[in-house]
Amino acid sequence: MAIINLKINSKEYSIDVDPQMPLLWAIRDFVGLKGTKYGCGIAQCGACTVHLNGQPVRSCSLPVAAVANKNITTIEGLSDDNSHPVQKAWIEEQVPQCGYCQSGQIMAAAALLSKNASPNDADIDAAMQGHICRCGTYPRIKRAIKKASENKP
Amino acid sequence: MDIDTISRRKFLKLSGLTGVALTLGYYLPADAKEPKLITAFDAENRGIELNSWIYIDVSGKVTLYSHRAEMGQGVYQSIPQIIAEELHVDLDKVNIVFAPGDNVKYGNQITGGSSSIRGSYKNLLNLSATARVMLIKAASNKWNVSELECYAEDGHVIHKPSGKKLHYGELVLEASKLDIPKNVVLKKTSEYKLIRKPLQRQDTPLKTNGTAVFGIDKMIPGMLYAMVERNPRLRGKVKSFDATETLKIPGVKQVFVVRMGVFNTFREGVAVVADSVWAAMKGKKALKVDWDDTGFEHLDTEDIYRRMEEALQKDEGLSFVSKGDSNAIIKSAEKKIDVVYSTPYQSHSCMEPLNCIAHYQKDKIEIWGPIQAPDWVQDYISKELGIAREKVIVNMTFLGGGFGRKAFMDYPHEATMISKEINAPVQVIWSREDDATQGPYRPGVSYRCQGVVANSEISAFKVSIAGQNNSHWRGGAKDIPNRSATEGFLKPYVDNIQNLSIVDIPFETPIPTMWWRSVYASTNGFAYESFMDELAAESAKDPITFRRTYLKDERSSELLNKLEEVSGWKNRSKGYGVAITECFGSTVGQIVKVSKNAENKIQIDQVWAVIDCGWYVNPDIIKAQVEGSIVMALGAATIHEITFKDGKTVQNNFNTYKMPRITDIPPIEVYIMENDADAGGVGEPGLPPFAPALTNAIFDLTGKRIRKLPFELAKV
Ligand code: FES
Ligand code: FES
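Keep in mind that what you see is a predicted model, and the values were worked out from it rather than measured.

A.B. asks: Would you explain the confidence of the model for chain B in this entry?
C.D. replies: Any segment with low pLDDT has predicted coordinates that should not be analysed in fine detail. All names here are of chain B. Averaged over every residue, the pLDDT of chain B is 90; the share at 70 or more is 89%. This model gives residues 1-19 a pLDDT under 50, and the stretch forms 23 contacts once residues within four places in sequence are excluded. Throughout residues 103-110 the model reports pLDDT below 50, and contacts reaching past four residues in sequence, or to other chains, amount to 39 contacts. Model confidence for the complex is summarised by a pTM of 0.92, with the ipTM given as 0.98.

This is the structure:
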């Protein structure tokens, strides 16, 4: 066990955990933010995606010790009121079905748009193909990302 | 006044809620088949246990106690839309609370068979309209005017001549004492303001900011976590285990053998209880378990399908449909088609792996989880643990996918047994590997299809089916045919094909099987509609024209017209395939267009889907469900399958049980037929026609008939 300092959504947390524990479980069970989901644990599905210094990463496959003191953003930190352009587009296009994969999808889309304000189909495919949606919301995810890129100020 | 005080107290007792309210619900009189409407007031006076479904409080807020789990199919939205329509309130005034499991009070609560709306919409419409009429009556009594001069709007009753206005909340007490009016007139479809509109789902914002609470997110005070190492051979017992390494892991508290029910059998595992998920996961990995598999047939997929094939060629079995004399015609025909189709085992693989919280206490058991059938869980736990059913409280959360898997009792049972052992609340989380390797699965099924075409028409049609019967796992009789043998096959086909024979050949394996989205329609549909296409090709007729011979009824014909129209069928090039199936009260037709890409590989260019689900609520939710069904069908047809080797499931995570990705999805257009026929399901019927429409399209383009799923598009 070790004391690890985490910076999540601009807040500091100090937790005493196994340094090898994946960031996912630290966020969910020690910081108490449950929006980030467990889907596969082996970097296959993207449900656990968070931003590390603005980059999308798979929190299930990152030991918590490796991200101490770095800037982490989870779905809860994307906006206070669902006002991020991606969240707005997701609501307008009614993307979620069961919703379980959507935190990860939204974090990936937000990271894409922060780098590339108007992604084309190939850009969207490349950014999103690591994300599984068992409910099959892919057609709407595509539409919503395009909408978000148009809506962006 | 006394009487008011008493009623008030009785109300509280009845509804279990605070405040005075108009509570209206259905109950099933002992001597009647149809449920009847009753107020809480009347129910109390007559000593009837109120089935409290709708509740309007003094603030005018409307609460529905939903007896359905929300697993993505949009009940959260559709039910309030129905209530708000007839009650004349804003959609955001309607709240929905998931009722705890109790089938005595609420009737069968299983969310499956695409039945959430189908089963309840007429009652809900009537319930809401009745409440509105009673509120109007209450206002007219108060004002001493004729109720004909009053109307309801936006949660208020208004007296037209004077403009006087009362809020519903101000009328509930008065209304609750009125007799229930009979023959309340419901709105016509053309008068709807909310129903049939693509309104946004109310749960969407919770799912875009991470606040929706799924089972896995739920926490209760003092809760520990557990993971279980289960027998990889699906059956058997723990011979011994060594937890030395496990117990060294900080946070691990206890390790013991746990037994859970798998239908009418049991499965053993070793539970690792810890103070965090991670410690439990690590502890599980460090376990050494010696399993006793004696008596277990060492399963192998190739073996299973070889046995099916042999069974199909023997030509015996249980007759399910027998019309005319297809056997004789097939026997004497000079030319017949005799082919075998086969479909694989599949895992539900909900994105949210199975999980459940149980809190076993001296006098009650409380359960929280993503649960499709709370009342079944209540029954099962009550029986298994010998505790009164009202002492088993089952709370539902959001479900991260269900598809049939979360209507199964194993995971709540196991959690309960662990909580009992440790005497504390516990959340059991299945790893993705546990979820993928333990089943139950959709059964793999093989079909022998024999047919004869004469004068461009079907003169004989015979399908023999060899596959596990899910109902056997629930104690179903083995000497009767699978009653789902024609699930997916259109009723008009059955009516109009003269010589038709459907035979179910009993087939068993030790693999636990269960409903998977659209159940047998998902496999039957592929065989029946592919074979229909083979017969059409044999007749040299256009595949839609050929089907029309047997689908003459108005709804089927209109659906076919619509399919032709939206896909440009009549002016099509090569590479188009059609399929049409029916299940859970809805018919869906799909057309798939394929072509060869630059590398000469098959690509799917477009899917058109037309659904006839009769009366419906929210077109956008229906479209989303059909889109999702097509994606799921695409995976099951071209990407993944569950196989068995040496008694174990081979695929254990998304790297081996691969899923469709955003890059695999063609453009999909969904159309809804407009009519007022009884509402059909929407969550499942969009799935079965996709695979046969796809393989029929590939045949149209290449002349190659695909009879075994899954197949790789790139390898056609
Ligand atoms: S849970 Fe991290 S990628 Fe699946
Ligand atoms: S919305 Fe259910 S898995 Fe994506």
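A.B. asks: Can you walk me through the pairing of strand E12 (residues 265-274) of chain B in this structure?
C.D. replies: Across the 10 residues that make up E12(B), a large majority, nine, are buried. The antiparallel hairpin formed by strand E11 (residues 252-262) of chain B and E12(B) contains two residues in its connecting segment, where Phe263(B) sits at a positive phi of about 55°.

A.B. asks: What should I look at first to understand the domain arrangement of chain A in this one?
C.D. replies: When the parts of a complex come together, some accessible area is lost, and that lost area is often used as the size of the interface. Residues and elements named next belong to chain A. In terms of domains, chain A is made up of domain 1 (2-78) and domain 2 (85-151). Across the contact, 17 residues belong to domain 1 and 13 residues belong to domain 2. Together, the buried faces of domain 1 and domain 2 total about 1300 Å²; carbon and sulfur atoms form 61% of this surface. Taken together, the links from domain 1 to domain 2 amount to six residue pairs in polar contact (both at pLDDT 80 or more). Looking at the side of domain 1 that touches domain 2, the elements that each hand over two or more residues are strand E3 (49-52) and strand E4 (55-58). Broken down by element, the residue count for the side of domain 1 that touches domain 2 peaks at three residues, all from E4.

A.B. asks: Which parts of the structure should I look at to understand the pattern of salt bridges?
C.D. replies: Should their charged atoms come close, side chains of opposite charge can pair. Counting across every chain of the model gives 46 salt bridges over all chains. For Lys37(A), the salt bridge is made with Asp217(B), and the minimal N-O distance between the two is 2.6 Å. Placement of the pair is Lys37(A) in the loop between helix H1 (23-31) and E3 and Asp217(B) in the loop between helix H7 (204-208) and strand E9 (224-230), with the two residues belonging to separate chains. What makes Asp217(B) buried here is its relative accessible area of 6%. Two residues, Lys248(B) and Glu245(B), come together in a salt bridge whose shortest N-O distance is 3.0 Å. You can see Lys248(B) and its partner Glu245(B) sitting in helix H8 (residues 244-248), three residues apart, about one turn around the helix. Given a relative accessible area of 37%, Glu245(B) falls into the partly exposed group. Each of the salt bridges in this network shares a partner with another, and the network as a whole consists of Glu229(B), Arg230(B), Lys284(B), Glu414(B) and Asp434(B).

A.B. asks: Just checking my understanding: could you explain helix H20 (residues 690-702) of chain B for this structure?
C.D. replies: All names here are of chain B. Taking 1.5 Å per residue as the helical rise, H20 with its 13 residues ought to reach 18 Å, and the 18 Å between its terminal C-alpha atoms agrees with that figure. Taken residue by residue, H20 has Phe 690, Ala 691, Pro 692, Ala 693, Leu 694, Thr 695, Asn 696, Ala 697 and Ile 698 as its buried positions. Two residues or fewer past H20, Gly 703 is found with a positive phi of approximately 80°.

A.B. asks: Explanation requested: unusual backbone geometry in the structure shown.
C.D. replies: Among all residues save glycine, negative phi is the norm, and among peptide bonds the norm is trans. Cis geometry marks the peptide bond from Gly439(B) to Pro440(B); its omega dihedral reads -10°. Residue placement: Pro440(B) occurs in the loop between helix H14 (432-437) and strand E20 (445-454). Residue Leu709(B) is joined to Pro710(B) through a cis peptide bond whose omega torsion reads -10°. A positive phi angle is found at Asn53(A), which is not glycine, with a value near 50°. Along the chain, Asn53(A) turns up in the loop between E3 and E4. In this structure, Asn144(B) takes a positive phi of about 60° despite not being glycine.

A.B. asks: Mind showing me how you'd approach the nonpolar core here?
C.D. replies: Nonpolar side chains in soluble globular proteins tend to be buried together. Formed by 194 residues in total, the largest nonpolar core has its most connected members in Leu6(A) and Phe461(B). Here this core gets nine residues from one element, more than from any other, and that element is helix H19 (residues 619-638) of chain B. Those residues within four positions of Leu6(A) in sequence are excluded, and the remaining contacts are Lys11(A), Glu12(A), Tyr13(A), Ile15(A), Leu23(A), Ala26(A), Val31(A), Val64(A), Val67(A), Ala68(A), Asn69(A) and Ile72(A). In terms of nonpolar packing, the next biggest core, distinct from the first, is built from 43 residues, Val62(B), Ala84(B), Leu124(B) and Leu125(B) among them.

A.B. asks: Would you mind going over the domain arrangement of chain B with me for this structure?
C.D. replies: Residue and element names in this part refer to chain B. Here the domain parsing of chain B yields domain 1 (3-206), domain 2 (215-296 + 354-429) and domain 3 (315-346 + 441-715). The interface of domain 1 with domain 3 comprises 25 residues on the first partner and 24 residues on the second. Both sides of the domain 1 and domain 3 interface together cover about 1700 Å² of buried area, and 54% of this is carbon and sulfur. The tally of links from domain 1 across to domain 3 stands at three salt bridges. Among the salt bridges present, the one from Arg 196 reaches Asp 676, with a minimum N-O distance of 3.4 Å. Seen at the junction of domain 1 and domain 3, the total is 10 residue pairs in polar contact (both at pLDDT 80 or more). Contributions of two or more residues to the side of domain 1 that touches domain 3 are made by helix H3 (75-87) and helix H5 (116-143). Per-element accounting of the side of domain 1 that touches domain 3 gives the leading share, five residues, to H5. For the side of domain 1 that touches domain 3, a count of residues per class yields 10 nonpolar, 10 polar and five charged.

Reading the values: the criteria
- Residues numbered from 1 in each chain as written.
- Chains lettered and ligands numbered in written order.
- Predicted model: local features only at pLDDT ≥ 70, side-chain atom pairs only at ≥ 80, totals over all residues.
- Heavy atoms only, no water.
- pLDDT = per-residue confidence, 0-100.
- Contact = heavy atoms within 4.5 Å.
- Buried < 20%, exposed > 50% of the residue type's maximum accessible area, 1.4 Å probe, protein only.
- Helix = DSSP H or I, 4+ residues; strand = E, 2+ residues; numbered from the N terminus.
- Pairing = 2+ DSSP bridges.
- Domains from an automatic or database assignment.
- Buried area = accessible area lost by both parts, 1.4 Å probe.
- Polar contact = N/O pair within 3.5 Å; in protein donor to acceptor, adjacent residues only side chain to side chain.
- Salt bridge = Lys/Arg side-chain N within 4 Å of Asp/Glu carboxyl O.
- Expected span 1.5 Å × (residues − 1).
- Core = buried A, V, L, I, M, F, W, Y, C linked by side-chain atoms within 4.5 Å.
- Nonpolar A, V, L, I, M, F, W, Y, C, P; charged D, E, K, R; others polar.

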